[in-house]
Amino acid sequence: MSSSEQGPAYLGLGSVLAVALGMLWLALVGHLDLYINPRYDLFTIVLAAVAVPASVAGLVAVARGHGHAHDDGAGHAHSDGPAHEHAHDDGPAHARDDAADSSYEDGSDAARAVRRAAPTAARVTRRVLGVAAAVVTVGITAAMLVLPPTTLSARTAQQRSVDTPTLSNATGTQDVALLGSEGVDTSEYGVKDWAALIRQTTDTTALVGKPVELSGFVVPGADGSFTLTRFVISCCAVDAQPVGLGIVTDGAVPDADRWVRVTGKLAANPDQSAEARIVVRAASVRVIDQPTDPYEY
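Here's what I pulled together on the structure shown here. (Residues numbered from 1 in each chain as written. Predicted model: local features only at pLDDT ≥ 70, side-chain atom pairs only at ≥ 80, totals over all residues. Heavy atoms only, no water.)

Re the packing of aromatic side chains
Phase 1 of the analysis: Enumeration according to the criterion identifies three aromatic pairs in this entry.
Phase 2 of the analysis: Measuring from ring centre to ring centre gives 5.1 Å for Tyr189 and Trp194, while their planes differ by 70°; the resulting arrangement is edge-to-face.
Phase 3 of the analysis: Taking the relative accessible area as the measure of exposure, Tyr189 reaches 11% and is therefore buried.
Phase 4 of the analysis: For Trp194, a relative accessible area of 1% translates into the label buried.
Phase 5 of the analysis: Taken together, Phe217, Phe231 and Trp259 form an aromatic cluster joined through their ring pairs. (Phe/Tyr/Trp six-rings, centres within 6.5 Å; stacked < 30°, edge-to-face > 60°. Buried < 20%, exposed > 50% of the residue type's maximum accessible area, 1.4 Å probe, protein only.)

The following block contains the structure:
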């Protein structure tokens with residue numbers, strides 16, 4: 001393997017090794033669920049466990065290939081010695097031919113210089129890009145391992161339109177025909193479940209008065225209201241979609257991003273111009289710690 005091929009090989013295999021070790025570390029400390037859906041945990045762990053020895057074996061193979069290439073180059077250099085000596089012995093015989101060709105060679109010096117400069121520039125560019133990619137890979141992996149994990153924020157929820165009714169990606173297409181009906185236990189419903197029910201119910205008056213007890217983080221609204229929000233993950237944190245319920249309270253609105261537990265009842269939205277038809281009339285809003293698993297799935 002040539003030197004120009006070794007750099008990308010080292011970078012690629014090193015990146016795979018760094019990412020795999022990062023995934024295993026996150027799984028070990030229990031933070032993997034902050035980045036991916038728990039149903040993919042086993043698959044991710046197995047894949048990372050396979051990637052670690054495979055990438056190490058690849059790095060060893062590249063290093064050995066470099067050693068063989070170096071040895072072969074040295075051998076060729078020594079073997080060419082006698083041939084070069086013979087060429088020097090023939091020097092006087094070719095003197096006239098060299099003199100005759102000197103004008104042609106002088107004319108092609110500039111062209112040869114350009115040809116030599118092009119590969120050199122390409123190698124420099126590849127090295128710069130390789131170093132930059134390595135720094136980015138190592139930086140991201142180190143940040144995942146060293147920095148404390150943080151969940152998505154209220155600002156992100158606002159940027160992804162938490163208070164709009166177009167939440168089909170977040171609430172899914174689950175059958176909610178029986179959700180909230182008589183005889184169905186709704187005590188375990190989360191923000192996603194109630195949002196799905198409200199979104200898919202045509203006659204929301206049947207929901208008015210139903211008791212709820214939900215937890216989520218605060219996305220501030222207007223006029224003493226806020227949106228109780230959770231992020232719903234389908235695959236990983238990158239595709240997380242915010243889903244929320246409007247909360248109307250007579251008390252003070254907690255600060256943005258604070259986690260709270262809200263107890264109250266569903267009620268018709270007093271703001272008739274709002275797109276959300278149902279809100280939660282809060283009887284109590286209590287600040288809590290962020291749960292171990294802050295996402296819904």
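From this point, the narrative continues.
A look at the sheet that holds strand β2 (residues 225–232)
The strands making up a sheet associate through backbone hydrogen bonding, with each pair oriented either parallel or antiparallel.
Phase 1 of the analysis: Strand order around the closed barrel formed by five strands is β1-β2-β3-β5-β4, with mixed pairing between neighbours. Sheet twist, expressed as the average angle between the axes of neighbouring strands with direction ignored, equals 60°.
Phase 2 of the analysis: One ladder, built from four bridges, connects strand β1 (residues 211–220) with β2; its direction is antiparallel. Among the inter-strand pairings, Val218 is bridged to a residue of β2, identified as Leu228.
Phase 3 of the analysis: Along the sheet, helix α8 (residues 191–200) makes contact with β1, β2, β3 (241–248), β4 (259–268) and β5 (278–287), crossing β3 at roughly 80°. (Pairing = 2+ DSSP bridges. Helix = DSSP H or I, 4+ residues; strand = E, 2+ residues; numbered from the N terminus. Axes fitted to C-alpha atoms, helices over the stretch in contact; angles between N-to-C directions. Contact = heavy atoms within 4.5 Å.)

Structural notes on the pattern of salt bridges
Phase 1 of the analysis: Taken as a whole, this structure holds two salt bridges when the rule is applied.
Phase 2 of the analysis: Glu213 is the partner of Arg261 in a salt bridge, and the nearest nitrogen-oxygen pair spans 3.9 Å. Linking Arg261 in strand β4 with Glu213 in strand β1, this pair joins segments that are 48 residues apart in sequence.
Phase 3 of the analysis: Take Glu213: its relative accessible area is 47%, and that puts it in the partly exposed class. (Salt bridge = Lys/Arg side-chain N within 4 Å of Asp/Glu carboxyl O.)

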